[in-house]
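# A closer look at the structure
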Amino acid sequence: MDKHSDTITIGLQIEDIDFQGKFSVTLNDSGMESLLRDPDTSLCDSTEAEDKYENIHSSHIFGSSSSLAEETHSANDKSPLRPKSPGGSFDSPGFLEKYVGIVTLPNQVQQKAVKRGFVFNLMVVGESGLGKSTLVNSLFHTNLYMDRCMPGVSEKIARTVSVTKNTLDIVEEGVNLRLTVIDTPGFGDAINNHESWKAAVHYVDQEMEKYRKNEIGLNRKNITDNRVHCCLYFISPHGHGLKPIDVNFMKALDQKVNIVPVLAKADSLTPKETRNMKAKILSEIDKFKIRIFQVSECDTYNEDLFKQQTLEIKRSIPFAVIGSSTVVERNGRRVRARVYPWGTVEVENPSHSDFVHLRNMLIRTHMQDLIHTTHYVLYENYRINSLCRNPFLENV
């Protein structure tokens, strides 16, 4: 070999890979090496100045495109082409090699939903004196009925069933919820309550129809959802199960709204009486074929805590609840409770009532399920029935 020669051509036969051919190693005066293949099969240039040709393995040069990409990204982790995570920080090394990026879609949906806010409409129905207002205040840590005036005896006699609405905006760690509580004062107070459920049914149908007309209108950008997502129906503990008014109401609304039966004033019953009353109510619900809200089954990927809460919710239906706005000192803790001469009943104690399970279902675990069922099942049934009655939409 001439000392001053500029190029040395070495013929190599590649046998351990699919490619077979020759390549040249060109040495320039600065000692840099470049690997040049035939034009049809050229690869990238090497920028390593100190490598020797005997240390260059064919598997490194002619490896697969995925392995080449791994080496490139690991060597240049600060590449500006790497996408950022929804939080704003760069993804971990190797992110592009493992994922396309669709794993960030739940975060994107969450950000949009939090920015838009949530709406939940709750209807409470039951006879007067069952603690409906107290329970609602206990559930949401507020006082929705601050300005309410209690009617006298003469007013109650001539009173008819009406519908009232109270709206409250709740903000919790950046999450906005517009809560609307629909009450039906006068329900069950009259001597003849044969048709006392019609006011509630009319309100539910009216809000469904408003939403349908807004949905098929020209401007659908800001549609207000006033549909009833859940109905807490309070059952009196003083009886032997469901009364005729209870059956009539739930039968009239079970296909229009998610009904959740609640056994009111559970502190007036012993634990044995509570169990017997629950069993009686469930048997009559099955007897009269009343559809109540069914808690969905857990998926395999759900956490153990969620599965345990769902199991406890299913066991607690109908919920035997107690409400109170009184805060007392109990074993060094401040709790909401009802104080009696014979003892103290804690509202949030699972051994005293099902208040915690009801709150978990309404707020923590199944609020979105109630909204989803209202929109995709109950509302769709109403919309189909409306189209069947009015196929040409002449009233729109």
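The following refers to the structure shown. As the structure is a prediction and not an experimental result, all values here were calculated from the model. (Residues numbered from 1 in each chain as written. Predicted model: local features only at pLDDT ≥ 70, side-chain atom pairs only at ≥ 80, totals over all residues. Heavy atoms only, no water.)

## Some remarks on the pairing of strand 7 (residues 230–235)
- Taking burial as the measure, the six residues of strand 7 include six buried ones, the bulk of the element.
- Side chains of strand 7 alternate between two faces, with Cys230, Leu232 and Phe234 and Cys231, Tyr233 and Ile235 buried alike.
- Both strand 4 (residues 118–125) and strand 7 contribute to a ladder of four bridges, which runs parallel. In the strand pairing of strand 7, Leu122 is matched with Cys230.
- Pairing geometry for strand 7 and strand 8 (residues 259–263), over five bridges, is parallel. If you follow Cys231 over to strand 8, its bridge partner there is Ile259.
- This β-α-β element, strand 7 to helix 8 (residues 244–253) to strand 8, shows right-handed connectivity. (Buried < 20%, exposed > 50% of the residue type's maximum accessible area, 1.4 Å probe, protein only. Helix = DSSP H or I, 4+ residues; strand = E, 2+ residues; numbered from the N terminus. Pairing = 2+ DSSP bridges. Right-handed = clockwise from strand over helix to strand, strands pointing away.)

## Let's talk about the sheet that holds strand 6 (residues 175–183)
- Pairing within the open sheet is mixed, and its six strands lie in the order 5-6-4-7-8-9. Two strands bound the open sheet, and with one partner strand each, they are strand 5 (164–172) and strand 9 (319–320).

## With respect to the nonpolar core
- Residues Phe120, Met123, Leu232, Tyr233, Phe249, Leu358 and Met361 are the most contacted members of the largest nonpolar core, which totals 63 residues.
- When residues in this core are grouped by element, the largest group, six residues, is from strand 7.
- Once residues lying within four places of it in the same chain are set aside, the contact partners of Met361 are Val260, Phe293, Val295, Ile313, Phe319, His366 and Met367.
- Counting residues in hydrophobic clusters, the runner-up holds five residues, among them Tyr211, Leu378, Tyr379 and Tyr382. (Core = buried A, V, L, I, M, F, W, Y, C linked by side-chain atoms within 4.5 Å. Contact = heavy atoms within 4.5 Å.)

## Considerations on the pattern of salt bridges
- Enumeration over the complete set of coordinates arrives at 15 salt bridges.
- One salt bridge in this structure joins Glu346 and Arg330, with 3.2 Å as the shortest N-O distance. Of the two residues, Glu346 is situated in strand 12 (residues 343–346) and Arg330 in strand 10 (residues 327–330); the sequence distance between them amounts to 16 residues.
- According to the relative accessible area criterion, Glu346 is buried, its value standing at 7%.
- Under the relative-accessibility criterion, Arg330 is labelled partly exposed at 30%.
- One salt bridge connects Arg336 with Glu348, and the closest N-O pair in it is separated by 2.4 Å. Placement of the pair is Arg336 in strand 11 (residues 333–340) and Glu348 in the loop between strand 12 and helix 11 (355–365), with a sequence separation of 12 residues.
- Since its relative accessible area comes to 14%, Arg336 is described here as buried.
- The partly exposed category is assigned to Glu348, whose relative accessible area is 35%. (Salt bridge = Lys/Arg side-chain N within 4 Å of Asp/Glu carboxyl O.)

## So, the sheet that holds strand 10
- Pairing is antiparallel in the open sheet, where three strands are placed in the order 10-11-12. Where the open sheet ends on each side, the last strands, each with one partner, are strand 10 and strand 12. Within the sheet, the average angular offset between the axes of one strand and its neighbour, ignoring direction, is 65 degrees.
- Sheet topology note: the strand 11/strand 12 ladder contains four bridges and is antiparallel. Paired with Ala337 across the two strands is Glu346, which belongs to strand 12. (Axes fitted to C-alpha atoms, helices over the stretch in contact; angles between N-to-C directions.)

## A closer look at unusual backbone geometry
- The step from Ile317 to Pro318 runs through a cis peptide bond, and the omega angle for that step is -5 degrees.
- Tracing the chain through its elements places Pro318 in the loop between helix 10 (304–316) and strand 9.
- Within the chain, Glu173 stands out as a residue other than glycine whose phi angle is a positive 50 degrees.
- With respect to the helices, strands and loops of the structure, Glu173 is situated in the loop between strand 5 and strand 6.
- Residue Glu173 is classed as exposed on the basis of its relative accessible area, which comes to 82%.
- In this model, Lys265 sits at a positive phi of 50 degrees, which is unusual for a non-glycine residue.
- When you line up the elements, Lys265 lands in the loop between strand 8 and helix 9 (271–287).
- Overall, Lys265 belongs to the partly exposed group, its relative accessible area being 37%.

From the geometry alone we can't say anything about function, so treat these as descriptive.
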